There are 2 protein chains.
Amino acid sequence: MCSSRMPMKWISVLLLLQLSCQFSPGGCGKVLVWPTEYSHWINMKTILDELVQRGHEVTVLTHTASILIDPNKPSAIKFEIYPTSFKKDDFQKLVMQLISKWTYIPKDTFWTYLSLMEEILLEFGDSVLKLCKDAVLNKELMTKLQQGKFDVVLADAVGPCGELLAELLNIPLVYSLRFFPGFAVEKQSGGLPFPPSYVPIILSELSDQMTFIERVKNMLYVLYFDFWFQMFREDWDQFYSEVLGRPTTLSELMRKAEIWLIRTYWDFEFPRPLLPHFEFVGGLHCKPAKPLPKVIWRYEGKKPDTLGPNTRLYKWIPQNDLLGHPKTKAFITHGGTNGIYEAIYHGIPMVGLPLFADQPDNIAHMKAKGAAVRLDFNTMSSADLLNALKTVINDPSYKENAMKLSRIHHDQPIKPLDRAVFWIEFVMRHKGAKHLRPASYDLTWFQYHSLDVIGFLLACVATAILVVTKCVLFCCRKFAKTGKKGKRE
Amino acid sequence: MCSSRMPMKWISVLLLLQLSCQFSPGGCGKVLVWPTEYSHWINMKTILDELVQRGHEVTVLTHTASILIDPNKPSAIKFEIYPTSFKKDDFQKLVMQLISKWTYIPKDTFWTYLSLMEEILLEFGDSVLKLCKDAVLNKELMTKLQQGKFDVVLADAVGPCGELLAELLNIPLVYSLRFFPGFAVEKQSGGLPFPPSYVPIILSELSDQMTFIERVKNMLYVLYFDFWFQMFREDWDQFYSEVLGRPTTLSELMRKAEIWLIRTYWDFEFPRPLLPHFEFVGGLHCKPAKPLPKVIWRYEGKKPDTLGPNTRLYKWIPQNDLLGHPKTKAFITHGGTNGIYEAIYHGIPMVGLPLFADQPDNIAHMKAKGAAVRLDFNTMSSADLLNALKTVINDPSYKENAMKLSRIHHDQPIKPLDRAVFWIEFVMRHKGAKHLRPASYDLTWFQYHSLDVIGFLLACVATAILVVTKCVLFCCRKFAKTGKKGKRE
């Protein structure tokens, strides 16, 4: 009965073939997609390609200023393009400005850092809200979508609107999400508990092993992001209420999501509480490497004179194939989640030069797990880079830890992509996944934290103490009086 | 690409064949089992049979007074039997007494119910502790187990000792668990959060939709079981500390568990927070029914004169085959988890006559999900039973809801038994699953609840208010003095 390891690959292929369009006996489903740009899109496209491969019809809702989403590229994915007042160049410039601002925020003081980041995140929110309005207030588009009879909306939760589309089209919703600043929507909309004592809040760059001062810092981050999210959602709450003609909130509509596909896994995350409708599908885009002829280098500038003949320059390279090359010793990375997962997949130690968003956190995670050295992009010297590279290459613990993460990643009962697609198909098959909806969604925040119950019980105890004290005092006085009377007599 | 539904069955078969002993390239693993009696054993045996089927060597540690575990029955499972001072009959009598006491506890008053249950549970704990001592203090047995070079301990967490064996043998530990009273060990040893506002504590018989008074009741149960567990674990803490020669606690050793296999799933449970090392594998013992000739009845008493010719009497029947018979309309059940799962598997509505332990809760769950009617075994009349049966048979909502649970149960990416065995094999392959261990295990209870951090921040705020007040008062006085001086001049 005993056979060798790793038969997962071909089982997955079988699963893939057999799961084709099983969501209904009659045929395949129609998926409407609300995407986000850049790496978010690259990751989501892997899911969409898989859905198309299984025979589903996938329609991506996008706009005339979209950056990476190129509807002119030949693809089996359909694109529904709506006009926006953003000009393509202006939109790209806006996004680039936000990224650049975030990269160069001085990290000298905690509060300066937070207030500058707040500004950037609110600006990002404004641009997404504008795009959302351009779509939802476009009557012709909405009529077309209504007639499209979609089975599910698949949306990236970092750029809201998908939940409003799902509500208007009256169909179930599935989220894909790397993270929302400070885990605000995962907590306030998804209902996830984040005990600040051992769950470092995203953008805090902390690990799960925190000193007292770090736990204080983490708590301040939690309070800060709770406060920030109140500001962030104000305009959204107002717009959603206007569109639906009843008072509602962003959080209320986000709770519509049947499944949250989180783009990390326990090879990368520190263990923390989850809920049954959260699936951790990190690295779903990873795949075995195709062979490469030689070691190559992606570089767009002027070719340096000192470049050796064994270094090739390319404008773009297939990063995954390079990371999977047997001679690859280390990965110098800005720390994007997709790239980190390719390194985990192939077991490559990292030198991290994080720039913005979750990148510093990602590198902090890899550093805590012993698979990366971190440098500061704004202050490092070439000697620092050389030393860091030497460290991750020559100190065997980095390779060992990277391989350990790789083994954890590969050793799952089902591949993350298959799990992601399974749950999207599940939602189509059953028109939702209501059996996974936590009852906490129906509670107010003070009910959720049992503050009313605690208050009631404390009041009961206080009343009991009061009554007993009064009785004792009454008896004492009576006794004292009787005593005096007795003495007198 | 489109095919019909339900290709899961043969995928599972393939998974089963391919996963054979993949935990090490060299061969198969050695599993040491610390079981619990009755339905616990029936459920665990399914996992053990599967492990044996895949080529692993399974040794069950049992004692001379064991009830259902019959080492004389032919089986590929090995049994290591140690002597205990319990006599077989006495042990069975003791267990039966406890069950009978629990069944007939009067439920008139909350506190009487709890104090009687407490007594029973402490008695149960004492008997398990005695068996644990008989095993661990048996030097010959322990030497034999040391020499056995096991790869993992698989233990039912409801009867402690497995964690001590794993510690003494220095090997990883996997738990199988239906529940511990009040979820005490799931919370205090497993680290699971149980927000009392929407997670009904086991043995409370509440659902996840609670009124204010029910939430108060649930909170009282939480406080009660926290207090009860302190009493329960006292003797265990002492024994474990003596054996290991250092101060330790039951909870500390239970945190050794790499994976907790919980014997329920979201077809049965109300959604609640979990941790990545908790796998919900409810119904792992369920399987398709084999054909039956006619409708039959299990009955051990005197054959009633009025019995119709279409009713057969058997001393024991294959319950699963009966529930899977196409003509089965309803299931009258005491509400054990195994039986409930067989009904869910086959989509059969239930009439519940719960007796003890989790049975009232199980029926409460099925009732809340619309798949059962509940009767009180101690007070019901034959007319009540007839009416309940008529209701679940004639009101189509019961069958619909039972079928809905059945569909949820069957529509999982991997069958629960395969998931259970996967994680046991994972722990053997990787000598643990440390990447899933929550950092909360290293915190004290006040650190876990951030009480030190909250205290510190409140102290900071109080100090700041004090300093500002002092400054303002100082300035006011200064200003008042200057004013007076000015007036005088």
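Residues numbered from 1 in each chain as written. Chains lettered and ligands numbered in written order. Predicted model: local features only at pLDDT ≥ 70, side-chain atom pairs only at ≥ 80, totals over all residues. Heavy atoms only, no water.

Asks: I'm lost on the side chain of Ser251(B) in this one. Help?
Replies: Here Ser251(B) is to be found in helix α9 (residues 250-254). Setting aside residues up to four positions removed in sequence, Ser251(B) forms contacts with Gln188(B), Ser189(B), Phe229(B) and Arg233(B). (Helix = DSSP H or I, 4+ residues; strand = E, 2+ residues; numbered from the N terminus. Contact = heavy atoms within 4.5 Å.)

Asks: What is the right way to read the nonpolar core from this model?
Replies: Here is a general trend for soluble globular proteins: nonpolar side chains tend to be buried in one another's company. Core analysis: the largest hydrophobic core is formed by 259 residues, its most contacted members being Leu48(A), Trp102(A), Trp260(A), Leu48(B), Trp102(B) and Trp260(B). When residues of this core are assigned to their parent elements, the largest contribution, 12 residues, is made by helix α4 (residues 110-136) of chain B. Sequence-distant contacts of Trp260(A), defined by excluding residues within four places in its chain, comprise Ala157(A), Tyr175(A), Leu177(A), Val185(A), Glu186(A), Ser189(A), Gly190(A), Met254(A), His277(A), Phe278(A), Glu279(A) and Tyr441(A). (Core = buried A, V, L, I, M, F, W, Y, C linked by side-chain atoms within 4.5 Å. Buried < 20%, exposed > 50% of the residue type's maximum accessible area, 1.4 Å probe, protein only.)

Asks: So what exactly am I meant to see when it comes to the pattern of salt bridges here?
Replies: One side chain can pair with another of opposite charge once the charged atoms of both are near each other. Applying the stated rule across the entire model yields 46 salt bridges over all chains. Residues Lys144(B) and Glu80(B) are paired through a salt bridge, measuring 3.2 Å at the closest nitrogen-oxygen approach. Of this pair, Lys144(B) sits in helix α5 (residues 139-147) while Glu80(B) sits in strand β3 (residues 78-82), placing them 64 residues apart in sequence. Residue Lys144(B) is classed as partly exposed on the basis of its relative accessible area, which comes to 47%. Residue Glu80(B) is classed as buried on the basis of its relative accessible area, which comes to 16%. In this structure, the salt-bridge partner of Arg272(B) is Glu269(B), at a minimum N-O distance of 3.2 Å. For the pair formed by Arg272(B) and Glu269(B), the shared burial category is buried. Within the structure, one salt-bridge network assembled from shared partners comprises Glu50(A), Arg54(A), Asp418(A) and Glu425(A). (Salt bridge = Lys/Arg side-chain N within 4 Å of Asp/Glu carboxyl O.)

Asks: Would you mind going over the domain arrangement of chain A with me for this structure?
Replies: How big an interface is tends to be stated in terms of the accessible area lost upon association of its parts. Per the domain assignment, the segments making up chain A are domain 1 (16-284 + 415-442), domain 2 (296-410) and domain 3 (446-482). Using only C-alpha atoms to locate each centre, domain 2 of chain A and domain 3 of chain A end up separated by 64 Å. (Domains from an automatic or database assignment.)

Asks: Help me understand the sheet that holds strand β10 (residues 331-333) of chain A, please; the structure alone is not making it clear to me.
Replies: Think of a sheet as strands paired side by side through backbone hydrogen bonds, with each pair either parallel or antiparallel. Residues and elements named next belong to chain A. If you walk across this open sheet you meet the 3 strands as β10-β11-β12, and the pairing is parallel. Looking at strand neighbours, the two that pair on one side only are β10 and β12 (372-374), the edges of this open sheet. If you compare each strand with its neighbour and ignore which way they point, the axes differ by 20° on average. Judged from the 3 bridges that link them, β10 and strand β11 (residues 350-352) form a sheet pairing that is parallel. (Pairing = 2+ DSSP bridges. Axes fitted to C-alpha atoms, helices over the stretch in contact; angles between N-to-C directions.)

Asks: Can you help me understand the environment of Met403(B) in this one?
Replies: All names here are of chain B. Among the structural elements, Met403 can be located in helix α14 (residues 396-410). With a relative accessible area of 29%, Met403 lands in the partly exposed category. Measuring from C-alpha to C-alpha, the distance between Met403 and Gly347 comes to 4.4 Å, with 56 residues separating the pair along the chain. Leave out the neighbours within four places in its chain, and Met403 touches His346 and Gly347.

Asks: Explanation requested: a positive patch on the surface in the structure shown.
Replies: A cluster of basic residues, Lys470(A), Arg477(A), Lys478(A) and Lys481(A), forms a positive patch on the protein surface. Examined against the element boundaries, Lys470(A) turns out to sit in helix α17 (residues 451-488). (Patch = residues over 30% accessible without salt bridge, like charges linked within 9 Å, V, L, I, M, F, W, Y side chains within 5 Å. Areas by Shrake-Rupley, 256 points an atom, 1.4 Å probe, with all protein chains shown as cover. Lys, Arg positive; Asp, Glu negative; His and termini not counted. Charge placed at Lys NZ, Arg CZ, Asp CG, Glu CD.)

Asks: Help me out: how do you make sense of empty space enclosed by the protein in this one?
Replies: Any space left empty among the atoms is revealed by the rolling of a water-sized probe across them. In total, this model carries 4 cavities of 30 Å³ or more according to the counting rule given. By volume, the largest cavity is sized at about 600 Å³. Taken together, 28 residues line the largest cavity, and the ones lying closest to its centre are Glu279(A), Arg419(A), Phe278(B), Glu279(B) and Arg419(B). The set of elements that each furnish at least two residues to the lining of the largest cavity consists of β7 (278-280) and α15 (416-430) of chain A together with β7 (278-280) and α15 (416-430) of chain B. Roughly 110 Å³ of internal volume is contained in the second largest cavity. (1 Å grid on protein atoms, 1.4 Å probe; cavity = no way out; pocket = protein on both sides within 12 Å on 5 of 7 lines; lining within 4 Å. Points joined across faces, edges and corners; volume = space filled by probe spheres on them.)

Asks: Which parts of the structure should I look at to understand the sheet that holds strand β11 (residues 350-352) of chain B?
Replies: Residues and elements named next belong to chain B. Spatially, the 3 strands line up as an open sheet ordered β10-β11-β12, and their pairing is parallel. In the strand order of this sheet, the two ends are held by β10 (331-333) and β12 (372-374), each with one partner. Across the sheet, the axes of successive neighbouring strands diverge by a mean angle of 20°, strand direction being ignored.

Asks: Explain unusual backbone geometry here, please?
Replies: Glycine aside, residues mostly have negative phi angles, and peptide bonds mostly take the trans form. Residue and element names in this part refer to chain B. Phi at Glu205 takes a positive value of approximately 60°, unusual for a residue other than glycine. Locating Glu205 in the fold gives a position in the loop between α7 (184-188) and α8 (212-244). Of note, Lys431 is a non-glycine position whose phi angle comes to about 55°, a positive value. Structurally, the position occupied by Lys431 is in the loop between α15 and α16 (445-448).

Asks: Honestly, the pairing of strand β2 (residues 57-63) of chain A in this entry has me stumped. Any pointers?
Replies: Consecutive residues of a regular strand have side chains that alternate between opposite faces of the sheet. Residue and element names in this part refer to chain A. Across the 7 residues of β2, 6 count as buried, placing the element largely inside the fold. In the classification by handedness, the crossover that spans strand β1 (residues 30-34), the intervening helix α2 (residues 39-53) and the parallel β2 is right-handed. Pairing of β2 with strand β3 (residues 78-82) involves 5 bridges; the strand directions are parallel. Within β3, the position partnered with His63 by the bridge is Tyr82. (Right-handed = clockwise from strand over helix to strand, strands pointing away.)

Asks: What's the story with the packing of aromatic side chains in this structure? I'm lost.
Replies: For any pair of aromatic rings, the description consists of the separation of the ring centres together with the inter-plane angle of the planes. Within this structure, the stated rule accounts for 52 aromatic pairs over all chains. With centroids separated by 5.0 Å and ring planes inclined at 75°, the aromatic side chains of Tyr224(B) and Phe225(B) adopt a geometry described as edge-to-face. In this structure Phe225(B) comes out as buried when scored by relative accessible area, which is 1%. The rings of Phe180(A), Tyr221(A), Tyr224(A), Phe225(A), Trp228(A), Phe229(A), Phe232(A), Trp236(A), Phe239(A) and Tyr240(A) are connected pair by pair, giving a single aromatic cluster. The ring centre of Tyr441(A) lies 5.7 Å from the NZ or CZ of Arg255(A), which sits over that ring. (Phe/Tyr/Trp six-rings, centres within 6.5 Å; stacked < 30°, edge-to-face > 60°. Lys NZ or Arg CZ within 6 Å of the ring centre and 35° of its normal.)

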